[in-house]
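Report on the structure
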Amino acid sequence: MTAKRFAMAVDTRRCVGCNACVISCKTENALPTGGFRDWVVQEVRGKFPDLSMEIRSERCNQCGAPSCVDACPTGASHVAEGGVVGVTRSKCTGCKACLAACPYGARWLHPEGFADKCTFCSHRVARGRQPACVETCPTRSLTFGDLADPDSAVAQLVARRRHHVVREEQGTRPNVFFLT
Ligand code: SF4
Ligand code: SF4
Ligand code: SF4
């Protein structure tokens, strides 16, 4: 059996920038004041008068070549099941090397002294549920699943729809795909 490769497709044509995904993540993961595992970006492209705007919900890209894991001196940052990048809190010294190494600003230091970031809600996925943001999004902009399974909804969307990843030139091989 092929190893699982968890991924997310974010449909930028559906996202209205309501921030429901940000609020549900904060609640689900009991994040402290000022700590966010996902955020909404509004990007204006083109030149006047030919302007277009993309709204997208971003989070850790669960990179296939994660620079944060390479940078971690203690092994706290690691690749877990389904290719999801995790942080073992007991091994984390709070040195911030991973914060500096992530090109996406996806990590931050929790007030309790460890690096924090999106886990694709691995605690929910282990129980057969969807990440909190996916379940909450009122426009169904977010699709989560196993990219290694060609029949999964996420694999179908990535195969069929035009898409991009953020800062591809960084070479980290993101697994969050923005459908356009
Ligand atoms: Fe690491 Fe940043 Fe990639 Fe997440 S987005 S896996 S924190 S390099
Ligand atoms: Fe590793 Fe923690 Fe340092 Fe990040 S802050 S590089 S996870 S020890
Ligand atoms: Fe966009 Fe959905 Fe997040 Fe609202 S909940 S900002 S529509 S991804």
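Residues numbered from 1 in each chain as written. Chains lettered and ligands numbered in written order. Predicted model: local features only at pLDDT ≥ 70, side-chain atom pairs only at ≥ 80, totals over all residues. Heavy atoms only, no water.

**A short note on the pattern of salt bridges**
A side chain with one charge may pair with a side chain of the opposite charge, provided their charged atoms come close. What counts here: One speaks of a salt bridge when a side-chain nitrogen belonging to Lys or Arg is within 4 Å of a carboxyl oxygen belonging to Asp or Glu. Each helix corresponds to a stretch of at least 4 residues labelled H or I by DSSP, and each strand to a stretch of at least 2 residues labelled E; elements are numbered beginning at the N terminus. Classification of residues uses two cut-offs on accessible area relative to the type maximum, computed with a 1.4 Å probe and protein chains only: under 20% is buried, over 50% is exposed, and between them is partly exposed.
Applying the stated criterion across every chain yields a total of 14 salt bridges. Between arginine 56 and glutamate 43 there is a salt bridge, with its nearest N and O atoms 3.1 Å apart. With arginine 56 in strand β3 (residues 50–59) and glutamate 43 in strand β2 (residues 38–47), this residue pair connects regions lying 13 residues apart in the sequence. Classification of arginine 56 by relative accessible area gives buried; the value is 4%. Across the pair arginine 129 and glutamate 135 runs a salt bridge, and its minimum N-O distance is 3.0 Å. Linked through salt bridges whose partners overlap, the residues forming this network are Glu43, Arg45, Glu54, Arg56 and Glu58.

**Focus: the pairing of strand β10 (residues 176–179)**
Under the convention used in this document: For two strands to pair, DSSP has to find at least two bridges joining them.
Burial along β10 is two-sided: the face carrying Val176 and Phe178 and the face carrying Phe177 and Leu179 are both buried. Pairing of strand β1 (residues 6–11) with β10, which is carried by four bridges, proceeds in the parallel orientation. The residue bridging valine 10 from the neighbouring strand is phenylalanine 178, located in β10. As paired elements, strand β9 (residues 163–164) and β10 share two bridges and run antiparallel to each other. Of the residues in β10, the one forming a bridge with histidine 164 is phenylalanine 178.

That's the geometry; what it means functionally is another story.
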